[in-house]
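# Examining the three-dimensional arrangement
Listed below are the residues making up each chain.
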Amino acid sequence: MSVDSADCFAQSYGEARGKFLAAADAAGLDVHSHTHPLLGVDGETLALDVVRDGPRDAQALLLVSSGCHGVEGYCGSAVQIALLHDPAWQAALHAAGVAVLYLHALNPHGFSWCRRTTHENVDLNRNFIDFHAPLPENAGYDDIAALLVPSTWPPTPAVEAALGRRLAEQGLVALQTAITSGQYAHPEGLFFGGHNPTWSHVTLRQVLRDHAAHCARLGWIDLHTGLGASGVGERIFACRDDAAALARARAWWGEGVTSIYDGSSSSALLQGLMWNLAYEESPQAEYTGIALEYGTVPLMEVITVLRADQWLENHPEADDAMRAQIKRRVRDAFYTDTPAWKQRVLEQAMTVARQALAGLSAQRASDAR
């Protein structure tokens, strides 16, 4: 990899967006910006910025998306910038006849305001359900909702002891599932999936209608942070529970691809996932996708930080010192701002991108025979 991580990572959403737009311009690519209705923490414009490299009629399309969970965008944005700065990657794309669509900051509001959620307090990756049907229930979350986001912060010893008992009784996997799988009954709680499609949901759906309605093969790399061992990019299967799709994902990205369906992933079994759009808006395509999830800090530390951030969101009267402390912890939980971590992130991402290109190219060659 010829790109220095210092050139790709940023210290704010505004800086990250500026670097992404400059990288697209240097690569000679147009940017289509979907402007968010609200402003950022510094009064800056927020947008989902879309860049396409490759012909509109390409039969193979690769999506590379960042910032589904706002504050996780530091990592994903850097990966996209690195790819845009890499002429060898662009030459390989063009030679293979594969188009790539960079989706920068799916949730720009969360990125700018140092939150995982959208401005509606929704976890975007739990928001892709059928809202005409009854909302899913999560009794496990209901049981501990008041413990997760208590009325005071830091939590009282009694609250922490009660949550500790749940952990001892249920085990980490069961507790993680209850907390993170998605809930639709507590709008001021964690991992809330919403009661309607969010702005980001609606906007992304329109982008896929514009760009993915005619391809025959669709790949997707969605970039995340916050789960797993520090600096390790887990390749999590991001399709329906389909044996053929899993075999294809492992052919592209290796047998180490994990799955939420068989318990091999560090992620719990989730609902309302974003990749549902691939089936809904690109039904003609053979779809293969992963979430590339980079570890940062231990799971329970991440959950504690999210609890604090949600408490802060629910208590705008909190003083400036408390706000600054919590926001710093949020950023640190999802962005390890060290040269070694950042370099590992980029190296693994470039490998994963090239593997996706090889997979899409191999399918194209097979179709031609």
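Since we're looking at a predicted model, the values are computed, not measured.

## Comments concerning helix H3 (residues 87–96)
A turn of α-helix holds 3.6 residues, and therefore any two residues three or four places apart point the same way. Among the residues of H3, Trp-89, Gln-90, Leu-93 and Ala-96 are the ones counted as buried. One side of H3 carries all its buried residues, which in axial view fall inside an arc of 135°. The outward face of H3, more than 90 degrees from its buried face, is lined by the exposed residues Pro-87 and Ala-95. A side-chain oxygen of the first residue of H3 lies 3.0 Å from the backbone nitrogen of Ala-88; this N-cap is Asp-86. Positive phi shows up at Gly-97, right after H3, with a value of about 70°.

## Some points on helix H12 (residues 320–334)
Taking 1.5 Å per residue, 15 residues should reach 21 Å; H12 reaches 22 Å between its end C-alpha atoms and fits that length. What H12 keeps buried is the set Met-322, Ile-326, Lys-327, Val-330, Arg-331, Ala-333 and Phe-334. Buried residues along H12 cover an arc of 160° about the axis, so they all sit on one side. Among the exposed residues of H12, those oriented more than 90 degrees off its buried face are Asp-320 and Ala-321. Sitting at the head of H12, Asp-319 places a side-chain oxygen 3.1 Å from the backbone nitrogen of Ala-321.

## What about the sheet that holds strand E2 (residues 45–53)?
Taken together, seven strands build an open sheet; the order of strands is E1-E2-E4-E3-E5-E7-E6 and the sheet is mixed. With one partner strand each, in any of the chains shown, strand E1 (31–39) and strand E6 (233–237) form the two edges of the open sheet. Across this sheet, the average inter-strand angle for adjacent strands is 20°, counted without regard to direction. With ten bridges connecting them, strand E5 (residues 217–230) and strand E7 (residues 286–295) associate as parallel partners. The residue of E7 that forms the bridge with Leu-223 is Leu-292. Across the sheet, H3 touches E2, strand E3 (60–65) and strand E4 (98–104), and the angle it forms with E4 is around 135°.

## A word on unusual backbone geometry
For the bond from Trp-153 to Pro-154, the omega torsion is 0°, close enough to zero to count as cis. Summarising the element assignment, Pro-154 is placed in the loop between helix H5 (139–148) and helix H6 (157–170). Of note in the backbone geometry, Ala-105 takes a positive phi value of approximately 65° without being a glycine. Positionally, Ala-105 belongs in the loop between E4 and helix H4 (108–112). The class of Ala-105 is buried, set by a relative accessible area of 0%. Within the chain, Phe-191 stands out as a residue other than glycine whose phi angle is a positive 55°.

How each quantity is defined
- Residues numbered from 1 in each chain as written.
- Predicted model: local features only at pLDDT ≥ 70, side-chain atom pairs only at ≥ 80, totals over all residues.
- Heavy atoms only, no water.
- Buried < 20%, exposed > 50% of the residue type's maximum accessible area, 1.4 Å probe, protein only.
- Helix = DSSP H or I, 4+ residues; strand = E, 2+ residues; numbered from the N terminus.
- Arc of directions from axis to C-beta.
- Polar contact = N/O pair within 3.5 Å; in protein donor to acceptor, adjacent residues only side chain to side chain.
- Expected span 1.5 Å × (residues − 1).
- Pairing = 2+ DSSP bridges.
- Axes fitted to C-alpha atoms, helices over the stretch in contact; angles between N-to-C directions.
- Contact = heavy atoms within 4.5 Å.

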